[in-house]
Amino acid sequence: MSKSKRPAGAAPQINIGISDKDRAAIAAGLSKLLADTYTLYLTTHNFHWNVTGPMFNTLHTMFMAQYTELWTAVDPVAERIRSLGHPAPGSYAAFGQLSSLPDAPTEPPKALEMVRILVEGHEAVARTARSLFPLVDKAGDEPSADLLTQRLTVHEQTAWMLRSLLED
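Residues numbered from 1 in each chain as written. Predicted model: local features only at pLDDT ≥ 70, side-chain atom pairs only at ≥ 80, totals over all residues. Heavy atoms only, no water.

Under an unreviewed UniProt entry, the name given to the protein is DNA starvation/stationary phase protection protein, and the source organism is Aquariibacter lacus. Within the UniProt record for the protein, the comment given under Sequence similarities (unreviewed entry) is "Belongs to the Dps family." (UniProt positions renumbered as here; feature names shortened; annotations may be inferred.)

Broken down by element type, the protein carries six helices and zero strands. If you list the helices and strands of the protein from N to C, you get α-α-α-α-α-α. Its C-alpha atoms give the protein principal-axis dimensions of roughly 70 × 25 × 25 Å. Per-residue burial over the protein gives 40% buried out of 168 residues. (Helix = DSSP H or I, 4+ residues; strand = E, 2+ residues; numbered from the N terminus. Buried < 20%, exposed > 50% of the residue type's maximum accessible area, 1.4 Å probe, protein only.)

Taking 1.5 Å of rise per residue, 31 residues should cover 45 Å, and helix 1 (residues 20–50) covers 45 Å from first to last C-alpha, within 8% of that figure. In terms of residue burial, helix 1 counts as a mostly covered element, since 22 of its 31 residues are buried. (Expected span 1.5 Å × (residues − 1).)

The subject of this paragraph is the packing of aromatic side chains. Per the counting criterion, the structure on display carries seven aromatic pairs. Note on Tyr41 and Trp71: the rings are 5.1 Å apart at their centroids and 45 degrees apart in plane angle, and the pair reads as tilted. Placement of the pair is Tyr41 in helix 1 and Trp71 in helix 2 (residues 56–83), with a sequence separation of 30 residues. Cluster of aromatic residues (ring-pair linked, three or more members): Tyr38, Tyr41, Tyr67, Trp71, Tyr92 and Phe95. (Phe/Tyr/Trp six-rings, centres within 6.5 Å; stacked < 30°, edge-to-face > 60°.)

As a further point, take the nonpolar core. With 39 residues, the main nonpolar core has Leu30, Leu33, Leu34, Phe63, Val77 and Leu148 as its most contacted residues. Counting residues per element, the ones that place at least two in this core are helix 1, helix 2, helix 4 (111–131), helix 5 (133–139) and helix 6 (142–166). When residues in this core are grouped by element, the largest group, ten residues, is from helix 1. Residues within four places of Leu33 in sequence aside, it is in contact with Val77, Val125, Thr128, Ala129, Leu148 and Arg151. (Core = buried A, V, L, I, M, F, W, Y, C linked by side-chain atoms within 4.5 Å. Contact = heavy atoms within 4.5 Å.)

Another aspect to go through is the pattern of salt bridges. In total, this model carries eight salt bridges according to the counting rule given. For Arg151, the salt bridge identified is with Glu69, shortest N-O distance 2.6 Å. On the criterion of sequence distance, the pair formed by Arg151 in helix 6 and Glu69 in helix 2 is long-range, its members being 82 residues apart. Judged by relative accessible area, which is 26%, Glu69 ranks as partly exposed. Residue Arg80 is joined to Asp141 by a salt bridge in which the shortest nitrogen-to-oxygen separation is 2.7 Å. Residue Arg80 is located in helix 2, and its partner Asp141 is located in the loop between helix 5 and helix 6; the two are separated by 61 residues in the primary sequence. (Salt bridge = Lys/Arg side-chain N within 4 Å of Asp/Glu carboxyl O.)

Structure representation (structure tokens):
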């Protein structure tokens, strides 16, 4: 529809210098990142509630810092999807379909198994974020690249810190 035929008050077409096709592909990838992040958030919060044993206080506190960071991270990812002109997924069903992470165990595992699960979760989220770089680079999508870089830094560092707890 030309500008002259657009209904009064209608929003203009998105024209941010990224093609519709690339915006859709990036939004789809970021939707997977959002689902992974939310799934890891929920698992981490679950482990915060259910951790027991001699490392209780340390892990309870560490998990709280981690789930708080993850909770804070979902909003910028969802808002980037919206900035690209696409709806952000926001249901358990959608997250379950999009996430590369398994759901939290139904029975709380032992403390060090929780740590192992979270290491694997952070590494999986890092892989999801890293997989988007070729697309965002090709599209010249610097804001998404910056977001991905920030998320990679957090997930790789958190995986390292958690993995350190598992070493003898």
